[in-house]
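Examining the three-dimensional arrangement
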Amino acid sequence: LEDVGRPPAPPREDAQPPVQGAGDAAGDPEEWLDVLGNGLLKKKTLVPGQGVESRPQKGQDVTIRLKATLEDGTVVEQDPALTFTLGDCDVLQALDLCVQLLEMGETALIVSDAKYCYGAQGRSPDVPPNASLTLEVELLAARDAPDLELLSGKEKIQLANRKRERGNFFYQQADYVLAINSYDIALRILGSSSKVDFSPDEEAELLDVKVKCLNNLAASQLKLDHFKAALKSCNLVLEHQPGNIKALFRKGKVLAQQGEYREAIPILKAALKLEPSNKTIHAELSKLVKKHADQRNVETEMYRKMLGNPSTASNPRKCKDKLPWSIPWKWLFGATAIALGGVALSVVIAARN
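Residues numbered from 1 in each chain as written. Predicted model: local features only at pLDDT ≥ 70, side-chain atom pairs only at ≥ 80, totals over all residues. Heavy atoms only, no water.

The name given to the protein chain in an unreviewed UniProt entry is peptidylprolyl isomerase, with the source organism recorded as Setophaga kirtlandii. For the protein chain, the Catalytic activity (unreviewed entry) comment in UniProt is given as "[protein]-peptidylproline (omega=180) = [protein]-peptidylproline (omega=0)". (UniProt positions renumbered as here; feature names shortened; annotations may be inferred.)

Here it is in structure tokens:
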């Protein structure tokens, strides 16, 4: 994806034709740039800009004019001044990838597969599932993002919440990798140093947003089976709020997924004690108690076999090939005396020689 920031390559003779449904704006095949090389994201310049040097950089805040339409021409979004941080996945991937290629003042047409827009779920009620979009974009401005150290408490809260809400959008779209990315950005903002003093209320609200981001991050990591990372996120929440029910529940689930039922059960019991009416926690706890009991039965049977314990189903059989343990004591002492006598005789013979 880093390659999209380079100047466009010269037109190729074997260039693919534009995506069907783009309408009259499709133009000649040579005018289209295949952004990712897979034919699913294409860009064409309608009005030239101020040169390659004027292109925005990742991390800058850019402002664009946007018009988005379906293949049948239905307008689903219009914004005369949409502002977002380039490269932070704050908007459709099609925009995040293609705006990097726009020159200042350039107007371009972008034809994108649903994969880089609203995907298989679409956007209710106006964007159907698996819908390709045609985006008309004009780059209006680009400026460096604000210095996080100089943000007021209110500004930092608003910025972090915006990233968190974007993460929630990706989570609902079942795109957990991008959700994690957005939550990580929000946490970076919240954890940045500051040269501005915050009020106690702002400090409390910043902590509240941080806890929400960590809880959502743990949920996304669980979806991807990243158990170690999810456990770390849960523990960070519990450092700030030991009685956080969501963190306790997710930590219990992480441990259960790793087969650590003995550690998971008391954690879920603590969560249930805080919220006795929570049916989800109750169901999970009941399931783990049963699994733990089954695990203990399996372990008991395994140890029984390893130690060679006799089966409880039948009486133990005497082994005829081995001497019984009930040997008379006089036999034992007699054998010992004979052995000691033999040793003494050997010593005497050796001395005489």
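Topic: the sheet that holds strand 2 (residues 41–47)
Spatially, the six strands line up as an open sheet ordered 1-2-5-6-3-4, and their pairing is antiparallel. Strands with a single pairing partner mark the edges of an open sheet, and in this sheet they are strand 1 (33–34) and strand 4 (75–85). The pairing of strand 2 with strand 5 (residues 107–112) spans six bridges and is antiparallel. Looking across to strand 5, one finds that Lys43 is bridged to Ile110. (Pairing = 2+ DSSP bridges. Helix = DSSP H or I, 4+ residues; strand = E, 2+ residues; numbered from the N terminus.)

Some details on the nonpolar core
Counting 72 residues, the largest nonpolar core has Ile64, Val99, Leu135 and Val137 as its most contacted members. Per-element accounting of this core gives the leading share, nine residues, to helix 3 (residues 176–191). Setting aside its immediate chain neighbours within four residues, Leu135 contacts Leu66, Lys67, Ala68, Ala94, Leu95, Ala108, Leu109 and Ile110. (Core = buried A, V, L, I, M, F, W, Y, C linked by side-chain atoms within 4.5 Å. Buried < 20%, exposed > 50% of the residue type's maximum accessible area, 1.4 Å probe, protein only. Contact = heavy atoms within 4.5 Å.)

Some details on the packing of helix 3 against helix 4 (residues 200–223)
Interaxial distance between helix 3 and helix 4 falls to 9 Å at its minimum, and their mutual angle equals 155 degrees. Relative to helix 4, the element helix 3 is oriented roughly antiparallel. Of the two possible hands of crossing, helix 3 and helix 4 adopt the one that is left-handed. Mapping the contact onto sequence places Tyr176, Ala179, Ile180, Tyr183, Asp184, Ala186, Leu187 and Leu190 in helix 3 and Leu206, Val209, Lys210, Cys213, Leu214, Asn216, Leu217, Ser220, Gln221 and Lys223 in helix 4. Within the contact of helix 3 with helix 4, the residues separate by chemical class into 12 nonpolar, three polar and three charged. (Axes fitted to C-alpha atoms, helices over the stretch in contact; angles between N-to-C directions. Parallel < 35°, antiparallel > 145°, perpendicular 65-115°, else oblique. Left-handed = near helix turned anticlockwise from the far one by under 90°. Nonpolar A, V, L, I, M, F, W, Y, C, P; charged D, E, K, R; others polar.)

A look at the UniProt feature "repeat: TPR" (unreviewed entry) in the protein chain
In the numbering used here, UniProt assigns the feature "repeat: TPR" (unreviewed entry) to residues 245–278. Along residues 245–278, the helical share is 79% and the strand share 0%, with 10 Å between the first and last C-alpha atoms.

Considering helix 7 (residues 261–274)
Its 14 residues place the ends of helix 7 20 Å apart at the C-alpha level, agreeing with the 20 Å of an ideal helix rising 1.5 Å per residue. If you check which residues of helix 7 are buried, you get Tyr261, Ala264, Ile265, Ile267, Leu268, Ala271 and Leu272. (Expected span 1.5 Å × (residues − 1).)

A word on the packing of aromatic side chains
Scanning the entire structure with this criterion turns up three aromatic pairs. Ring centres of Tyr118 and Phe169 lie 6.5 Å apart, and the angle between their planes is 85 degrees; on these two criteria the pair is classed as edge-to-face. Residue Tyr118 is found in the loop between strand 5 and strand 6 (133–144), and its partner Phe169 is found in helix 2 (residues 153–172); the two are separated by 51 residues along the sequence. Summarising the burial analysis for this pair, Tyr118 and Phe169 share the class buried. (Phe/Tyr/Trp six-rings, centres within 6.5 Å; stacked < 30°, edge-to-face > 60°.)

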